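# Structural characterization, general
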Amino acid sequence: MHCWTYLLSAITLVVSFKNAAGQNIVLTNDDGWAVAQIRAQRDSLVSAGFNVVLSAPAVDRSGTGSSSAPPQPLSQPCEFDTCPTGSPAEGFNASDARLNYVNSFPVDAVRFGIQTLAPEFFGSGPEFIVSGPNVGNNLGTVTQNSGTVGAACEAAKEGFPATAFSAATASQVSYTTLDSSPDSPSTKSALIYAELTTNFTRTLLAPAGQILPAGVIVNVNYAATTFTLSGTPNGDCASASDFKWVFTRLLQSSTAVDVEDCGSMRLPDEGTVVRAGCFASVTVMNATTKSDVSASVQAPVLNRLTPSALLTCFDA
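Residues numbered from 1 in each chain as written. Predicted model: local features only at pLDDT ≥ 70, side-chain atom pairs only at ≥ 80, totals over all residues. Heavy atoms only, no water.

## Concerning the state of the cysteines
Put simply, the test is: We call a pair of cysteine sulfur atoms a disulfide whenever their separation is within 2.5 Å. Secondary structure elements follow DSSP: runs of H or I of four or more residues count as helices, runs of E of two or more count as strands, with numbering from the N terminus. Accessible area is worked out with a 1.4 Å probe on protein chains only. A residue is then buried under 20% of its type maximum, exposed over 50%, and partly exposed in between.
This structure, assessed with the given rule, holds 3 disulfides. Residue pairing for C237: its cysteine sulfur links by disulfide to C278, the two sulfurs lying 2.2 Å apart. Across the S-S bond of C237 and C278 the torsion is about 75 degrees, and the bridge reads as right-handed. Here the residue C237 occupies a position in the loop between β7 (216-222) and β8 (244-248), and C278 occupies one in the loop between α7 (270-274) and β9 (279-286), the gap between them amounting to 41 residues. Comparing C237 with C278 shows no difference in burial state: the two are buried. Each disulfide of the chain joins two cysteines, and with those cysteines numbered along the sequence the arrangement is 1-2, 3-5, 4-6.

Written out as structure tokens, the structure reads:
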């Protein structure tokens, strides 16, 4: 019996890896190419079998929304001194050409990833764009100014399915801290958020057919993790398995008619859900207006996720 159990576990792992293999992802953010969270995310996606190229701003460009400008040579070092003043407008890590910076806004970084890097490394456009996880939540009207959300929206407007991820306890620290401070709350949180994002990406991409309706993105937000300053678990949100996923809307409304979920035609808003405990919110939003969408647009995303049993009902 144990032999069969081990065999089935091995088959499941192989099938999961094969499902990810060949799926090409552009990874971006607005916090910069060298922040710990995006490097943890890249490692997690690669470990899961995804084919990943990172294209993110050279420096922290948080709060820049959908701003855009031609990339320019560096007039100051890249964040955390990862490239010197005078470096070219676009560049890459000397030891890994799949780690790329763009000295401009998140929109320009994801555009470079889609239009230049993806054809170079994948031979075609990407199949999916992961934006984030962002350092800090992007909930409700805050999405209007978020560069992480702006990058995902740009991808969707160019015809590529995209999801923006944002995390309450993520930290604006160098990727080197992942190795130098492995037991810190920032490192542990980064790894949890990376695992959650990889699991969601795998779940969303697994079914056949259109990943997302045209002209929309999914906005995912994670609640705060619970660790002491020394990195000791201190509450009920200290591992990826602690998080519960809820299908949400962007803004609270007493009159909206949403897709039916959990016996209701009105979805909970993402801010209420994320602040209520160890939850991850999943919101479908218009990539152009960055607003809520109709029930008919929410429905295909909900239907795609429902068979996985990822989602749970929210009891306010």
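## Some points on the nonpolar core
Side chains of nonpolar character tend, in soluble globular proteins, to be buried together. As a reminder of what qualifies: Side-chain atoms within 4.5 Å are what join buried Ala, Val, Leu, Ile, Met, Phe, Trp, Tyr and Cys residues into a set we call a nonpolar core.
Membership of the largest hydrophobic core comes to 57 residues, with the highest contact counts inside it found for F200, Y222, F243 and W245. For this core, the element with the most residues is helix α6 (residues 185-205), which contributes 6 residues. Listed in part, the 23 residues of the second largest apolar core include V53, A152, A155 and A164.

## As for the pattern of salt bridges
As a reminder, the rule being used: Should a side-chain nitrogen of Lys or Arg be within 4 Å of a carboxyl oxygen of Asp or Glu, the pair is scored as a salt bridge.
In the structure shown here, the tally under the stated rule is 7 salt bridges. Between R42 and D43 there is a salt bridge, and its shortest N-O distance comes to 3.7 Å. As a salt-bridge pair, E154 and R111 come within 3.2 Å of each other at their nearest N and O atoms. Residue E154 is found in helix α4 (residues 147-157), and its partner R111 is found in helix α3 (residues 106-122); the two are separated by 43 residues along the sequence. Here the residues in one salt-bridge network are D108, R111, E154 and E158, joined through shared partners.

## Here's the deal with the sheet that holds β8
The test is simple: Each pair of strands is called paired provided DSSP finds at least two bridges between the two strands. Angles shown run from 0 to 180 degrees and are taken between the N-to-C directions of axes, each axis being a line fitted to C-alpha atoms and, for helices, limited to the stretch in contact. We call two residues in contact whenever any of their non-hydrogen atoms come within 4.5 Å of each other.
The strand order across the open sheet formed by 9 strands is β3-β4-β2-β1-β5-β6-β7-β9-β8, and the pairing between neighbours is mixed. Looking along the sheet, the strands with just one partner apiece sit at the ends: β3 (90-93) and β8. Adjacent strand axes in the sheet meet at a mean angle of 25 degrees when their direction is disregarded. Sheet topology places strand β6 (residues 162-167) next to β7; 5 bridges connect them, and they run parallel. Within β7, the position partnered with A167 by the bridge is Y222. Most of the contacts of helix α8 (residues 295-305) go to β9, to which it runs at about 140 degrees, and overall it touches β7, β8 and β9.

## Notes on the pairing of β6
Of all 6 residues making up β6, 6 are buried, and the element is well covered by its neighbours. Residues of β6 alternate between two faces, with A162, A164 and S166 on one and T163, F165 and A167 on the opposite face, all of them buried. Relative to β6, strand β5 (residues 128-135) runs parallel, the two being bridged by 5 bridges. Residue N134 lies in a different strand from β6, and its bridge partner there is S166.

## Brief notes about unusual backbone geometry
When glycine is set aside, most residues are seen to have a negative phi, and most peptide bonds are trans. A cis amide bond links G132 with the next residue in sequence, P133, at an omega value of 0 degrees. With phi around 60 degrees, F80 is a residue other than glycine that occupies positive phi space. Mapped onto the fold, F80 is located in the loop between β2 (51-57) and β3. Exposure remark for F80: the relative accessible area of 36% places this residue in the partly exposed category. Its identity as a non-glycine residue notwithstanding, K290 has a phi of 55 degrees, on the positive side. For K290, the location among the structural elements is in the loop between β9 and α8. By relative accessible area, K290 is classed as buried at 7%.

## What about the packing of aromatic side chains?
Note the cut-off: Stacked, edge-to-face and tilted are the three classes for Phe, Tyr and Trp ring pairs, Trp counted by its six-membered ring, which pair at centre distances within 6.5 Å; planes under 30 degrees apart are stacked, over 60 edge-to-face, the rest tilted.
A complete count under the given rule lists 9 aromatic pairs for this structure. Ring centres 6.4 Å apart and planes at 15 degrees place the aromatic pair F165 and Y222 in the stacked group. Note that F165 is positioned in strand β6 and Y222 in strand β7, a separation of 57 residues in sequence. Here F279 and F314 contribute two aromatic rings whose centre-to-centre distance is 5.3 Å and whose plane-to-plane angle is 80 degrees, an arrangement assigned as edge-to-face. Taken as a pair, F279 in strand β9 and F314 in the segment after α8 lie far apart in primary sequence, 35 residues in all. We classify F279 as buried; its relative accessible area is 14%. Taken together, F165, Y193, F200, Y222, F243 and W245 form an aromatic cluster joined through their ring pairs.

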